[in-house]
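Fold and geometry: a report
One-letter residues, chain by chain:
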Amino acid sequence: MSTAASAALTSSIFGSNHRLNWRELQYSSPPAAKVCQRSFVTRAASSVDKQKKRKSKSKRKEVQEEGKLPQESGDQVLEVLPAASSVSSIKNRIEEVSPIGLGRRSRQIFDEVWRKFSGLGQISRTTRTDDDEAALLLREGGPMCEFAIPGAQNTTVLVVGATSSVGRIVVRKLMLRGYTVKALVRNDDKEVVEMLPTAVEVVKGDVGEPSTLKTAVEGCNKVIYCATARSSITGDLNRVDHLGVYNITKALQDYNNKLAQLRAGKSSKSKLLISKFKSEDALDGWEIRQGTYFQDVIAAKYDGGMDAKFEFTEEGAAVFSGYVFTRGGYIELSKKLSLPLGCTLDRYEGIVFSVGGNGRSYVIILEAGPLADMSKSKLYFARISTKAGFCRVRVPFSSFRPVNPEDPMLDPFLVHTLTIRFEPRRQKPVDGPVGGKQDLRSFQLILEYIKALPTGQETDFVLVSCTGSGIEPTRREQVLKAKKAGEDSLRRSGLGYTIIRPGPLMEEPGGQRALIFDQGNRISQGISCADVADICVKALHDSTARNKSFDVCYEYVADPGKELYELVAHLPDKANNYLTPALSVLEKNT
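Residues numbered from 1 in each chain as written. Predicted model: local features only at pLDDT ≥ 70, side-chain atom pairs only at ≥ 80, totals over all residues. Heavy atoms only, no water.

**Some points on the overall build of the protein chain**
Check the secondary structure of the protein chain and you find 13 helices and 25 strands. The buried share of the protein chain, taken over its 590 residues, is 42%. When the accessible surface of the protein chain is totalled, it reaches about 33,000 Å², and 51% of it is carbon and sulfur. (Helix = DSSP H or I, 4+ residues; strand = E, 2+ residues; numbered from the N terminus. Buried < 20%, exposed > 50% of the residue type's maximum accessible area, 1.4 Å probe, protein only. Areas by Shrake-Rupley, 256 points an atom, 1.4 Å probe, with all protein chains shown as cover.)

**Describing the sheet that holds strand β17 (residues 415-422)**
The six strands lie next to each other as β8-β11-β17-β13-β14-β16, forming an open sheet whose pairing is antiparallel. The outermost strands of the open sheet, each flanked by one partner alone, are β8 (287-292) and β16 (401-402). Direction of pairing for strand β13 (residues 361-368) relative to strand β14 (residues 378-385): antiparallel, over a ladder of eight bridges. Bridge pairing in β14 links Leu366 to Tyr380. (Pairing = 2+ DSSP bridges.)

**Section: the side chain of Ser465**
Looking at the secondary structure, you find Ser465 in the loop between β19 (461-464) and α11 (473-492). At 2.8 Å, the side chain of Ser465 forms a polar contact with the side chain of Glu487. Excluding its chain neighbours within four sequence positions, the residues that come into contact with Ser465 are Lys483, Glu487, Ile499, Ile500, Arg501 and Pro502. (Polar contact = N/O pair within 3.5 Å; in protein donor to acceptor, adjacent residues only side chain to side chain. Contact = heavy atoms within 4.5 Å.)

**With respect to the packing of aromatic side chains**
Under the counting rule described, the total for this entry stands at 14 aromatic pairs. Note on Phe277 and Phe310: the rings are 6.1 Å apart at their centroids and 75° apart in plane angle, and the pair reads as edge-to-face. Highlighted residues: Phe277 in the loop between β7 (272-276) and β8 and Phe310 in strand β9 (residues 306-312), separated in sequence by 33 residues. Given a relative accessible area of 2%, Phe277 falls into the buried group. Take Phe310: its relative accessible area is 15%, and that puts it in the buried class. When the centroid spacing of 6.4 Å and the interplanar angle of 85° are considered together, the rings of Tyr362 and Phe443 count as edge-to-face. Residue Tyr362 is found in strand β13, and its partner Phe443 is found in strand β18 (residues 442-454); the two are separated by 81 residues along the sequence. By relative accessible area, Phe443 is classed as buried at 3%. A connected cluster of aromatic rings, assembled from ring pairs, spans Phe277, Trp286, Phe310, Phe320, Tyr362, Phe422 and Phe443. Here Arg421 stacks its cationic end above the ring of Tyr330, 3.9 Å away from the centre of that ring. (Phe/Tyr/Trp six-rings, centres within 6.5 Å; stacked < 30°, edge-to-face > 60°. Lys NZ or Arg CZ within 6 Å of the ring centre and 35° of its normal.)

**Observations concerning unusual backbone geometry**
Non-glycine residue Asn521 carries a positive phi angle of around 55°. Note that Asn521 resides in the loop between β22 (515-518) and β23 (527-528). A positive phi is found at Asn547, a non-glycine position, where the angle reads about 55°. Looking at the secondary structure, you find Asn547 in the loop between α12 (529-539) and β24 (548-554). The exposure class of Asn547 is buried, given its relative accessible area of 1%.

**Thoughts on the packing of helix α9 (residues 234-262) against α11**
In a pair of packed helices, the angle between the axes and the distance between the axes together describe the arrangement. Put simply, α9 and α11 touch, their axes get as near as 8 Å, and they point 10° apart. Relative to α11, the element α9 lies roughly parallel. Note on element contacts: α11 touches α9 through Gln478, Val479, Ala482, Lys483, Ala485, Gly486, Ser489 and Leu490, opposite Thr234, Leu237, Asn238, Asp241, His242, Val245, Tyr246 and Thr249. The residue inventory of the contact of α9 with α11, partitioned by class, reads seven nonpolar, seven polar and two charged. (Axes fitted to C-alpha atoms, helices over the stretch in contact; angles between N-to-C directions. Parallel < 35°, antiparallel > 145°, perpendicular 65-115°, else oblique. Nonpolar A, V, L, I, M, F, W, Y, C, P; charged D, E, K, R; others polar.)

**Quick notes on the nonpolar core**
Of all hydrophobic cores here, the largest spans 43 residues; its most connected members are Phe277, Phe310, Phe353 and Phe400. For this core, the element with the highest residue contribution is β18, accounting for five residues. In contact with Phe277, not counting residues within four places along its chain, are Ala282, Leu283, Trp286, Phe310, Phe312, Ala318, Leu447, Glu448, Tyr449 and Ile450. Grouped together as the second largest cluster of nonpolar side chains are 39 residues, Tyr179, Ala183, Ala545 and Leu583 included. (Core = buried A, V, L, I, M, F, W, Y, C linked by side-chain atoms within 4.5 Å.)

**Overview of the pattern of salt bridges**
Per the counting criterion, the structure on display carries 25 salt bridges. Bridged by salt links that share partners, the residues Lys484, Glu487, Asp488, Arg491, Arg501 and Asp551 form one connected network. (Salt bridge = Lys/Arg side-chain N within 4 Å of Asp/Glu carboxyl O.)

**As for the packing of helix α6 (residues 165-176) against α12**
Where α6 contacts α12, the two axes come as close as 8 Å, and the packing angle between them is 50°. When the axis of α6 is compared with that of α12, the two are oblique. As α6 runs across α12, the sense of the crossing is right-handed. For the pair α6 and α12, contact is made by Ser165, Val166, Ile169, Val170, Lys173 and Leu174 and by Cys529, Ala530, Val532, Ala533, Asp534, Cys536 and Val537, respectively. (Left-handed = near helix turned anticlockwise from the far one by under 90°.)

Right under this line is the structure:
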């Protein structure tokens, strides 16, 4: 193309008012041309649709506004719209698959989830619409559904002391995991209610008034008790730490029994009465027997005599007492069980003895086998220790071992005879009101009742107690006395329990330090309220936590000879199951 023709063409494009369709221009760069030269080739279109022209102009205008298309001026290079659109599309696709783009998007999603998570964890009550509340709580497909626990949506938990330092965190942890939460508060003032999330059902009641607790436990499957007395006055301590626990457990058991009656059955959480020694008639059927582990010739050589009696005293107590001076001798009290029609011990997990006396140890023997042929019965034994005074001893069926190692493990369904045996060997002096010089060959056992414990895999009641560490010495004894009475009432209730005794509570984030789980009241360090709350929530569905009491605190180095049971690292990971390995080494029914 000549220079004149190029000039004329350029003038016709830029200098006149003639409107040319941009799609009719096509940019070309001949190989032989110089770097500074540009040429435009026009392509005539036979017919152009007006609608296409209108769309083309609007697109060109949008591109110009975004700075993608250069303005018309002089010899400036003219870019065609299809090329600009394709470049922009390719650029967007590259950003979508690039690591930087993916990281930016994931960070935005994380920030949004964390913002909602932090808002739910605030102490103050936040204002949300019903739609926001439903989206924020755990729902299938929701942003935080990964926090949910299987079965949580079908579980209602009553939190007693929901406005306490531990209770507030417990409530929010339960909600994040999908539980239905009811909060028992003494005052339902606006200031108190605003401390809890809007989705929590607030129930007004007083743990010291049993009549106010029926509504609170209605519909509840589990209880977490975080309440504690705010003063050291003896009346307040007994009302909250002792009677409060008793009243809540009784209300929950009454509710379970009511449901069972509606189903024409019996509550699975109720204990089965085997024997209750409230009158002289309760002694019927019990038989005293004596024997020796040696052959007759050897026993006669070291025969010092043995004797025992089982009587109902004037004070209204059933007392089994006696002495064994014969070497290798023993005395036992035995009875063939007579259970209610339709009841078998395979529906229960063990036996509980409510006894008193001088603190001797005994051997519990169960005889199991078909009633039609007693010769095929097998013997199983478990050793128990009592305290000077009254105590309650739980003996799980899993702790019984066969007398003959070749026999199979105990089947509670076949148990038909119960025996309590005393033998002088393995007896140890006890501390307590007995005092003085103790004759370990004599014994006294006061029987109150014998019951079968209901079976279960999970905890029904979580109690936050204390170790006494960090409490003022002037009020420590009163506080521990009330706490211990509350713990005992929970153990007697028949509910599956978990008793947590934390060290001094600290207001700081949880999941930052390793935790120590121990039994024996030896810990001295503190622990954050958040860690205690996390243990409460995890214990609800952990089978290793059922019927266990333990102390917990931050990690520390123990003195020689006072090493602790287990050290478990508590990592701030919701999937970290640190509780199961920690509690698996601790003793049950303590």
